[in-house]
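One letter stands for each residue in the lines below.
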Amino acid sequence: MGFNLKNRSFLTLLDYTTEEINFLINMSAKLKADKYAGIFSKNLLNKNIALIFEKPSTRTRCAFVVASYDEGAHPEYLGKGDIQLGKKETVADTARVLGRMFDGIQFRGFSHNTVVELAKYSGVPVWNGLTDKYHPTQVLADLLTVKENFGKLKGIKFCYTGDGRNNMANSLMIGCAKMGMDFRILAPKELFPQQELVNQCKKIAKENGGKITLSSDVNSAVKDADVIYTDVWVSMGEEAEYEKRINLLKPYQVNSEMMKASGKDSTIFLHCLPAFHNRDTIVSEEMFQKYNLDAMEVTEEVFESSQSKVWDEAENRVHTIKAVMVTTLG
């Protein structure tokens with residue numbers, strides 16, 4: 001069954017029904033298959049896309065650019081120094097200008113209120129490429145990757161370990177609740193998500209035959225897990241928190257012992273990237289010496305293992321972002 005998502009913004013998965021999310025995932029799979037077959041329908045021919053980036057990005061920027069070109073659109077990168085957003089000009093004023101010139105706007109930055117305001121005043125679809133609260137385009141790619149590996153989403157046991165109150169934990173909890181999955185957050189109590197969002201997601205999960213569990217116990221949280229997922233311990237803009245986070249989160253590192261504790265050979269590992277998985281990726285040599293770390297949230301052994309599906313997941317950003325743009329704009 002098709003859904004008319006035309007002119008809808010994509011700010012958080014809370015705004016989309018289970019059926020609409022399923023539709024986007026199926027559309028992503030179709031567009032991926034088409035690309036592999038060399039079929040390009042150019043659904044966005046002559047469309048102009050504004051890409052606003054307050055925060056730097058590899059996957060989000062590249063995925064939006066490639067998806068735009070694949071579908072015939074022109075993407076325009078607007079970095080912090082390129083426009084007056086929130087400095088000499090209010091967000092509302094910028095939104096109204098860009099909405100007159102562009103057919104759609106992507107925003108990646110700090111405050112979620114900014115993307116909400118862009119959507120309110122621009123008059124065109126606005127897509128959230130990451131804010132302090134949510135990262136919905138990443139979760140679509142995660143869900144597509146899970147479906148590719150297990151052939152379904154409903155009933156899948158999905159364990160997120162690490163900082164349980166960041167934008168990825170929030171967004172995964174929403175996405176998994178909507179899809180009727182058994183979602184666990186494994187984190188120290190100090191880093192549990194906001195209770196209000198947990199209650200909201202528990203209600204959504206119940207309606208869809210799923211469940212939400214918060215735990216600080218590694219063995220119970222990863223038992224029978226089909227997916228073990230983690231993210232960086234310190235998000236952009238929180239660099240002063242490194243020492244505190246490392247001490248809190250060391251027991252929640254994804255390593256071979258944690259993967260084995262699932263009790264399944266079929267368990268896959270996911271990460272939204274970038275990952276601090278070896279000495280070349282960690283912030284400084286001083287960090288190694290001080291904390292005796294060879295990796296942070298995931299070990300090299302797991303990251304480079306056959307259970308790791310992080311490169312499929314990264315590629316799927318293109319196909320899922322393409323689906324969002326085509327369905328809301330095409």
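Nothing here was measured: the structure is a model prediction, and the numbers come from that model.

Some thoughts on unusual backbone geometry
(1) Moving on: Across the junction of Leu273 and Pro274, the peptide omega takes the value 0 degrees, indicating a cis bond.
(2) Moving on: Structurally, Pro274 can be placed in the loop between β9 (268-271) and α11 (285-291).
(3) Moving on: Positive phi is not limited to glycine here, since Leu130 has a value of about 140 degrees.
(4) Moving on: Mapping Leu130 onto the fold places it in strand β4 (residues 126-130).

Points about the packing of aromatic side chains
(1) Moving on: Overall, the coordinates contain eight aromatic pairs when judged by the stated rule.
(2) Moving on: Between Phe10 and Tyr16, the aromatic rings sit 5.2 Å apart at their centres with planes inclined by 70 degrees, giving edge-to-face as the arrangement.
(3) Moving on: The exposure class assigned to Phe10 is buried, which follows from its relative accessible area of 0%.
(4) Moving on: Here the aromatic rings of Phe158 and Phe183 are separated by 5.7 Å at their centres, their planes lie at 40 degrees, and the arrangement is tilted. Of the two residues, Phe158 sits in strand β5 (residues 157-161) while Phe183 sits in strand β6 (residues 182-186), which places them 25 residues apart along the sequence.
(5) Moving on: Of the residues examined, Phe158 reaches a relative accessible area of 0% and is grouped as buried.

Some remarks on helix α7 (residues 195-207)
(1) Moving on: Given a rise of 1.5 Å per residue, 13 residues ought to cover 18 Å, and the 19 Å separating the end C-alpha atoms of α7 matches this to within 8%.
(2) Moving on: Residues of α7 that are buried include every one of Leu197, Val198, Cys201, Ile204 and Ala205, and no others. In an axial view of α7, the angular spread of the buried residues amounts to 125 degrees, which keeps them on one side of the axis. Seen from the open side of α7, the exposed residues pointing more than 90 degrees away from its buried face are Glu196, Lys203, Lys206 and Glu207.
(3) Moving on: With its phi angle positive at about 80 degrees, Gly209 sits one or two positions after the end of α7.

A short note on the sheet that holds β4
(1) Moving on: Across the sheet, four strands lie side by side as β2-β1-β3-β4; this open sheet has parallel pairing. Of all the strands in the sheet, just β2 (74-79) and β4 have a single pairing partner and so form its edges. When strand polarity is set aside, the average angle formed by the axes of neighbouring strands in this sheet is 20 degrees.
(2) Moving on: Against the sheet, helix α4 (residues 112-122) makes contact with β1 (48-53), β3 (104-108) and β4, and its axis sits at roughly 165 degrees relative to β4, the strand it touches most.

Re helix α1 (residues 18-36)
(1) Moving on: Counted at 1.5 Å a residue, the expected span for α1 with its 19 residues is 27 Å, and the 27 Å between its end C-alpha atoms agrees.
(2) Moving on: Those residues of α1 lying buried are Thr18, Glu20, Ile21, Phe23, Leu24, Ile25, Met27, Ser28, Leu31, Lys32 and Asp34.
(3) Moving on: Here the buried face of α1 lies against α5 (136-150), α6 (167-178) and α13 (310-329).
(4) Moving on: One or two residues past the end of α1 sits Gly38, with phi positive at roughly 80 degrees.

Here we look at the sheet that holds β5
Across a sheet, strands are paired by hydrogen bonds formed along the backbone, either parallel or antiparallel in direction.
(1) Moving on: Taken in spatial order, the five strands line up as β7-β6-β5-β8-β9 in an open sheet, and their pairing is parallel. On the outer flanks of this sheet lie β7 (211-215) and β9, each paired with one strand and no other. Across the sheet, the axes of successive neighbouring strands diverge by a mean angle of 20 degrees, strand direction being ignored.
(2) Moving on: Here four bridges tie β5 to strand β8 (residues 227-230), and the two strands are oriented parallel to one another. Along β8, the bridge assignment pairs Tyr160 with Tyr229.
(3) Moving on: The strands that α5 touches are β5, β8 and β9; relative to β9, the one it contacts most, it runs at about 165 degrees.
(4) Moving on: Lying over the sheet, α6 contacts β5, β6, β7 and β8, oriented at roughly 160 degrees with respect to β6.

Comments concerning the nonpolar core
(1) Moving on: Of all hydrophobic cores here, the largest spans 59 residues; its most connected members are Phe158, Met181 and Phe183.
(2) Moving on: Dropping the residues within four chain positions of it, Phe158 is found in contact with Val146, Leu172, Cys176, Met181, Asp182, Phe183, Arg184, Val227 and Tyr229.

What about the pattern of salt bridges?
(1) Moving on: As enumerated under the stated definition, the model contains 17 salt bridges in all.
(2) Moving on: The closest approach of N and O atoms between Glu241 and Lys244, which form a salt bridge, is 4.0 Å.
(3) Moving on: A residue is classified by how much of its surface remains accessible, and Glu241, at 28% relative accessible area, is partly exposed.
(4) Moving on: A residue is classified by how much of its surface remains accessible, and Lys244, at 54% relative accessible area, is exposed.
(5) Moving on: With a shortest N-O distance of 3.0 Å, Asp294 and Arg279 are connected by a salt bridge. Separated by 15 residues along the polypeptide, Asp294 in the loop between α11 and α12 (300-303) and Arg279 in the loop between β9 and α11 bring together distant segments of the chain.
(6) Moving on: It is possible to trace a salt-bridge network through shared partners that takes in Asp163, Arg165, Glu238, Glu241, Lys244 and Arg245.

Rules used in this analysis
Residues numbered from 1 in each chain as written. Predicted model: local features only at pLDDT ≥ 70, side-chain atom pairs only at ≥ 80, totals over all residues. Heavy atoms only, no water. Helix = DSSP H or I, 4+ residues; strand = E, 2+ residues; numbered from the N terminus. Phe/Tyr/Trp six-rings, centres within 6.5 Å; stacked < 30°, edge-to-face > 60°. Buried < 20%, exposed > 50% of the residue type's maximum accessible area, 1.4 Å probe, protein only. Expected span 1.5 Å × (residues − 1). Arc of directions from axis to C-beta. Pairing = 2+ DSSP bridges. Axes fitted to C-alpha atoms, helices over the stretch in contact; angles between N-to-C directions. Contact = heavy atoms within 4.5 Å. Core = buried A, V, L, I, M, F, W, Y, C linked by side-chain atoms within 4.5 Å. Salt bridge = Lys/Arg side-chain N within 4 Å of Asp/Glu carboxyl O.

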